[in-house]
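Spelled out, the chains give:
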Amino acid sequence: MKTTLLQTDICWAQPDDNIRRARQLLADHPGSDLYVLPEMWSTGFATEPAGIAADESDNAALEWMQAEARERRCAVCGSLAVRLADGTYRNRHYFVDGRTDSVSYYDKHHLFTHGHEDRYYTPGTEPCIVSYDGFRLLLLTCYDLRFPVWSRYAEGHAYDAIVVVANWPDTRQAAWQVLTRARAVENQCFLVGVNRVGDDRYSHYAGASCVVDCYGKCLGQCRRNEEQALTVDLDMAELERRRGKFRVLEDGDNFRIIL
């Protein structure tokens, strides 16, 4: 599966500008099966969403994702700050499949309490695994990466790649490097991690978006502090071969998550 990471520099609360930047970056790298954008890619990490988050029913960024996916016969994913019809806000990671004209989503479960995200957003309560192009993809968002139980590969929760979108500050870049590798190794899967670059009023973001294989080897990483697209081909046959040769997943623990 040809996968392109869109490491964008997000303009604060300017969805039209951010759509334009994403459109150009995507257009310059045609032909992929999947394009992945960062967390809250159309607005920046809006922990106080009033006046910034768009209604889900009238959302230019989501409509653009759908139009690009349909036109290019690909999938586009990334998270958006959205307001639902009931008035609640969600940090919603959308997966738009242009081949089936369908939209799946995952609501971020671990809200970033240190930044007060939990004061304004409603957390998700269910994981989301999307089937696409012969892969099963687990969707995660930023802070989720720190919680291994939530992403643990297990019976009834099996997948081949984790797709995590983020606004991960440069001050915690070392943790990003460790945790992306750890989640891939412990779940014997690919991990696609897309982080933003640039600045907002809270933090500086250095990017270092990456693709990691099931041995923890980095298959590709975007440059730091630079808006960039990077394409990596995920090989399902190679993943199956490695899982069959070194059967780690069979020795995993059984457990259940109590919310």
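Below or above, wherever it landed, is the structure these notes cover. (Residues numbered from 1 in each chain as written. Predicted model: local features only at pLDDT ≥ 70, side-chain atom pairs only at ≥ 80, totals over all residues. Heavy atoms only, no water.)

Overview of the sheet that holds strand 7 (residues 129-132)
Sheet strands line up and pair through hydrogen bonds in the backbone, either parallel or antiparallel.
Link 1 in the chain: Taking strand neighbours across the sheet as the criterion, the six strands line up as 7-8-9-10-13-14 in an open arrangement whose pairing is mixed. Either end of the sheet is taken by a strand with one partner, and the two such strands are strand 7 and strand 14 (218-221). With direction set aside, neighbouring strand axes in the sheet form an average angle of 20°.
Link 2 in the chain: Two elements, strand 7 and strand 8 (residues 135-141), share four bridges in a ladder whose sense is antiparallel. The residue bridging Ile129 from the neighbouring strand is Leu138, located in strand 8.
Link 3 in the chain: Against the sheet, helix 3 (residues 173-186) contacts strand 9 (161-166), strand 10 (190-195), strand 13 (210-212) and strand 14, and its axis sits at roughly 155° relative to strand 10. (Pairing = 2+ DSSP bridges. Helix = DSSP H or I, 4+ residues; strand = E, 2+ residues; numbered from the N terminus. Axes fitted to C-alpha atoms, helices over the stretch in contact; angles between N-to-C directions. Contact = heavy atoms within 4.5 Å.)

A word on the side chain of Ser32
Link 1 in the chain: Relative to the helices and strands, Ser32 is located in the loop between helix 1 (15-27) and strand 2 (34-36).
Link 2 in the chain: There is a polar contact of 2.5 Å between the side chain of Ser32 and the side chain of Thr4.
Link 3 in the chain: When near neighbours in sequence (up to four residues on either side) are disregarded, Ser32 contacts Lys2, Thr3, Thr4, Cys74 and Thr231. (Polar contact = N/O pair within 3.5 Å; in protein donor to acceptor, adjacent residues only side chain to side chain.)

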